[in-house]
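Listed here are the chains, written in short residue letters.
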Amino acid sequence: MTAATTESRAGSGSRRFSLQDVLAGNSTVTVLAIVLSLVISALLIVFTDEDVIEASGYLFARPGDALTAAWAAVSSAYAALFRGAIFNYRGDTFSQGIYPLMESLTVATPLIIISLGIAISFRSGLFNIGGQGQMIFGAMFATWFGVHLQLPVGLHLILVLIMGILGGALWGAVVGFLKALTGAHEVILTIMLNYVAIHLVTYFLYTPVLQREGSTNPVSDFLPASALFPPLFGDSFRLHWGFVVALLATAFAWWLMQRSTVGFQLRAVGANPDAARTAGVPVKRMYVIAMAVSGGLAGLAGMAQVSGTERMLNTDVAGSFGFDAITVALLGRSNPIGVAAAGLLFGALRAGGVTMQTETGVPIDIVLIIQSMIVLFIAAPPLVRLIFRLPAPGALQARRSADPVTQPALAGAAAATTATAGGHTAPSESAGIGQSPETDDAGRSGASPADAASTTPDAEGEQR
C-alpha cells in the first residue's frame, strides 16, 4: 500500500469519525429529544381528536379516512403553533406577520435571565429551585423604588434595575449563607423561602407598602415612564429593551463561568468540593457567591417583568418562571448559550400554545407535555441513543483506539523506539496494525506523562 493511499484512507477515516462525533455529541441528543417530544405530542393529539376517533370506527373498511384525519389534526395544530410563535403567514400586514415572533421574544426575556441564574447554581453544585422567590423579591424591590421615587429618565431605570438585582441577590444569598454556616440543604431552604416570598408579596400588596391607592385588589401602582424599558421596535409590539438586557446577561454569564477566576472556582466547587477545598478554594464563600449571583439574575428577571411587560406588580408576577427555568437550564445543559437558545424555544412554545388552543381546540397542556418530554429525554440520553441507534461516546473512543487506519502511525512509532540490548532498534513483536494506544509511549497514548517519567534507565536494566 502506497503512502498516498494510506493518507487518503486516513483522511476518509478522519471525516467518518468527525460525523460520528457529531452523532454522539450532546447537541445531537438535545435536538433529537425535542423531535421525539413533538412526535409523542402529535400522537396524543391524534388519539384525542374527535374526527380521528370517528374515522377510526371504520378503520379497516376505509383506513385512508383515519390517516387523513390524523394528518389534518396534527398539521393544523402545529401550523397554529408556528403561526402563534414565529410568523403569522395569514396576517394582512408585515407587522401582523412578525407579531408572534415579538411575543415569543417578550415571553422569553425573563425566562432566559432567570434560567441563566439557575444554570450558574447548577454548575456550582447547588440545586437552586428558589428562582420563583428570588424573582419575586427582585420585582418587589424594583417596584418600590420605581413607584416611590421620582428621578430623571435613564437614572431612574438604572436604579430600578440595580435594586431588582440587589433584591434577588439578597434573597439568594440567604440560602448560600445558611448552607455555608449550618450545612442545610439548598433544596429545602429554597422551597421554604419560595413560600415566604409568595406570602410576603401578597401581604405587601394588601398594605400601603405596595398596594395601589384606592384599590382593593392586590396590585401596585403603575411604574412611571422613567422606570420602564422603552419599546424595542415601537409601540406596536410589547417587546422592550429588556430583551437586550437578557442578551447582555447571557454574555455576562458566559464570561463569568468561562473566563473569570470566580467562575473557575465555582466550577471547581461544582465538580468536586473536597478537591476544590484541598486546592485552596474557599468553598463556603463560593456557596454564598453562587447563590447571590443566581438570585441576582432571578431578581433581574423580576425587574424586567415589572418594568417591561406588566408595568406593575401583582401576586402572579413570577408565574411559573421559577420552575420553567429549571427545565430550560437542564435543556441548555447549564451552558449560557444553550440556556439562551432553550429559553427562546420555551418562549415560543408558550406564546404559540395560546394560538394553537384558540384556533384548533388543542389544549395548551400539550405544550406542557412537550416541555416535560424534553426534560425526560434530556435526562436519559442513552434512551435517545438507543431509539436512533446513535454511537455512545465511550464506544466511539474504543473504536478509535482499535481502528486499523488511524493507528498504524502510532504502532510504527512504538516499534521504531523499542531498544534492543545491542543498542540498535528493532520492531517490537507486539507492535502491529490495530495496536491499542495503551501499549504506545506516553506522548502518544492514554498513559500520563508521570507514568512515562517513572520508567528510568535503571528500571529498564532491571527488567532486562
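Bear in mind the structure is a predicted one, so any value in this text is a computation, not a measurement.

K.L.:
Summarise the packing of aromatic side chains; cite the residues concerned and give the values.
P.N.:
A complete count under the given rule lists seven aromatic pairs for this structure. Consider the rings of Phe137 and Phe141, whose centres lie 6.3 Å apart with planes at 35°: the pair is tilted. Here the residue Phe137 and the residue Phe141 both occupy positions in helix α6 (residues 131-148), the gap between them amounting to four residues, near one helical turn. For Phe137, a relative accessible area of 10% translates into the label buried. On the basis of relative accessibility, which here comes to 25%, the residue Phe141 falls in the partly exposed class. With centroids separated by 5.1 Å and ring planes inclined at 75°, the aromatic side chains of Trp144 and Phe145 adopt a geometry described as edge-to-face.

K.L.:
Outline the environment of Ile40, supporting the account with residue identities and numerical values.
P.N.:
By the secondary structure assignment, Ile40 is in helix α2 (residues 26-48). For Ile40, a relative accessible area of 27% gives the class partly exposed. Separated by 330 residues in the primary sequence, Ile40 and Ile370 have C-alpha atoms spaced 8.1 Å apart. In contact with Ile40, other than residues within four places in its own chain, are Met373 and Phe377.

K.L.:
If you had to explain the pattern of salt bridges to someone new, which residues and values would you point to?
P.N.:
Inspection of the entire model under this criterion finds six salt bridges. The closest approach of N and O atoms between Glu186 and Lys179, which form a salt bridge, is 3.1 Å. A relative accessible area of 4% places Glu186 in the buried class. What makes Lys179 buried here is its relative accessible area of 16%. As a salt-bridge pair, Asp274 and Arg277 come within 3.1 Å of each other at their nearest N and O atoms. On the criterion of helical spacing, the pair formed by Asp274 and Arg277 is a turn pair, its members being three residues apart in helix α11 (residues 273-278). Among the residues examined, Asp274 registers a relative accessible area of 52% and is labelled exposed.

K.L.:
Residue-level account of the packing of helix α4 (residues 63-85) against helix α5 (residues 94-123), with values.
P.N.:
Their axes nearest at 6 Å, the elements α4 and α5 cross at an angle of 75°. Comparing their axes, α5 and α4 come out roughly perpendicular. In contact with Arg83, Gly84 and Ala85 of α4, α5 contributes Pro100, Leu101 and Ser104. Looking at side-chain class alone, the contact of α4 with α5 contains three nonpolar, two polar and one charged residues.

K.L.:
I'd love a proper account of unusual backbone geometry, names of residues and values included.
P.N.:
Phi at Arg333 takes a positive value of approximately 55°, unusual for a residue other than glycine. The exposure class assigned to Arg333 is partly exposed, which follows from its relative accessible area of 32%. One non-glycine residue with positive phi stands out, namely Arg389, at about 55°. Topologically, Arg389 is positioned in the loop between α16 (381-388) and α17 (393-402). Among the residues examined, Arg389 registers a relative accessible area of 75% and is labelled exposed.

K.L.:
Describe the packing of α5 against helix α9 (residues 242-259), listing the residues and the values that go with them.
P.N.:
Contact geometry of α5 with α9 gives a least axis separation of 9 Å together with a crossing angle of 15°. Comparing the axis directions of α5 and α9 gives the class roughly parallel. Crossing handedness for the pair α5 and α9: left-handed. Of the residues in α9, those touching α5 at Leu105, Thr109, Ile112, Ile113, Leu116, Ile120 and Arg123 are Gly242, Phe243, Ala246, Ala249, Thr250, Ala253, Leu256, Met257 and Gln258.

K.L.:
Quick one: what's the story with a nonpolar patch on the surface, residue by residue and with numbers?
P.N.:
On the surface, Val31, Val35, Val39, Leu43, Phe47, Leu383, Leu386, Ile387 and Phe388 cluster together to form a nonpolar patch covering roughly 820 Å² of accessible area. Those elements that provide at least two residues to the nonpolar patch are α2 and α16. The dominant element in the nonpolar patch, judged by the number of residues it contributes, is α2, at five residues. Its location among the elements puts Phe388 in helix α16. When its relative accessible area of 32% is taken as the criterion, Phe388 is described as partly exposed.

Each value, and the rule that gives it
Residues numbered from 1 in each chain as written. Predicted model: local features only at pLDDT ≥ 70, side-chain atom pairs only at ≥ 80, totals over all residues. Heavy atoms only, no water. Phe/Tyr/Trp six-rings, centres within 6.5 Å; stacked < 30°, edge-to-face > 60°. Helix = DSSP H or I, 4+ residues; strand = E, 2+ residues; numbered from the N terminus. Buried < 20%, exposed > 50% of the residue type's maximum accessible area, 1.4 Å probe, protein only. Contact = heavy atoms within 4.5 Å. Salt bridge = Lys/Arg side-chain N within 4 Å of Asp/Glu carboxyl O. Axes fitted to C-alpha atoms, helices over the stretch in contact; angles between N-to-C directions. Parallel < 35°, antiparallel > 145°, perpendicular 65-115°, else oblique. Nonpolar A, V, L, I, M, F, W, Y, C, P; charged D, E, K, R; others polar. Left-handed = near helix turned anticlockwise from the far one by under 90°. Patch = residues over 30% accessible without salt bridge, like charges linked within 9 Å, V, L, I, M, F, W, Y side chains within 5 Å. Areas by Shrake-Rupley, 256 points an atom, 1.4 Å probe, with all protein chains shown as cover.

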